[in-house]
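Each chain, written out:
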Amino acid sequence: MRKKLVVGNWKMNGDLARNAALLEGVCAASGQDVEIVVCPPFPYLAQAHERLVQSGVLLGAQNVAAFADGAFTGETSAAMLKDLGCSWVIVGHSERRALFGESNEVVASKLHRVTEAGLCPILCVGETLEQRESGRAEEVVASQLAGGLADMGSSRCVLAYEPVWAIGTGRTATPVQAQGMHEFIRECVRRRGLDGESVRILYGGSVNPANAAELFACPDIDGALVGGASLEANGFLAICAAAAAS
Ligand code: PGA
């Protein structure tokens, strides 16, 4: 049985005062039958850790350096994230791939750094609208998985299917579209000789309180990576409750 996981990706939003209120609200979600992670921007990890440390809600980071340490101005290593109380790290988010030029090779190095530090990676994959419409969605996702999973062995990697056309657009994949791709991803994991049954696969892309339950009802959807809707405590709590009830 795979425990449901809901991850809030705050992206580049928030400030000390707003975070304090949001963290207070998020803590109310703990104690349910769902694992909950929040990923604030780097400068606020310490603030979040202080509030979350006894709460049962876990802390994650949105990105990590591809290098272990050294002269890499502006970068943040996996060891630093661990030091700040993170147990999870999002790797290969489509915004990183598209806006910051992260290739499958860079994503693979980051995954390696994360597992080496003893943290759990959340590897994001997903096709663009143009790739889906030209019938290449599975091919793109398979190549992102191959690049990312090359180094994974049997670690506790979580995968997140995030169709690029569904991120921040209000256009969610239908449960049938999402379930179809999740089933395909699980099969890809099995084909790499990894444990397809136990790996958790999250759906991400305009998840909100109104569509969460039908997504969580799909057999291969094990939770959600939530962007916009994670910035409002009540909405995020409703998504967590839907996961706990599924
Ligand atoms: P969204 O973002 O929920 O705002 O679509 C999801 C994500 O980018 O992880």
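Residues numbered from 1 in each chain as written. Predicted model: local features only at pLDDT ≥ 70, side-chain atom pairs only at ≥ 80, totals over all residues. Heavy atoms only, no water.

**Focus on unusual backbone geometry**
Non-glycine residue Lys 11 carries a positive phi angle of around 55 degrees. The topology assignment puts Lys 11 in the loop between strand S1 (5-9) and helix H1 (16-27). In the Ramachandran plot, Ser 206 falls in the positive-phi region, its phi being about 60 degrees despite a non-glycine side chain. As for its position among the elements, Ser 206 is in the loop between strand S7 (201-204) and helix H9 (212-216). Residue classification places Ser 206 among the buried residues on the basis of a relative accessible area of 16%. (Helix = DSSP H or I, 4+ residues; strand = E, 2+ residues; numbered from the N terminus. Buried < 20%, exposed > 50% of the residue type's maximum accessible area, 1.4 Å probe, protein only.)

**Some remarks on the site of the ligand**
Taken together, 13 residues lie around the ligand, and Lys 11, His 93, Glu 162, Gly 168 and Ser 206 are the ones closest in. At 2.6 Å, a side-chain N or O of His 93 approaches an oxygen atom of the ligand. The separation between an oxygen atom of the ligand and a polar main-chain atom of Ser 206 is 2.7 Å. Burial of the ligand by the surrounding chains reaches 95%, relative to a free accessible area of 280 Å². (Near = heavy atom within 4 Å. Polar contact = N/O pair within 3.5 Å; in protein donor to acceptor, adjacent residues only side chain to side chain. Areas by Shrake-Rupley, 256 points an atom, 1.4 Å probe, with all protein chains shown as cover.)

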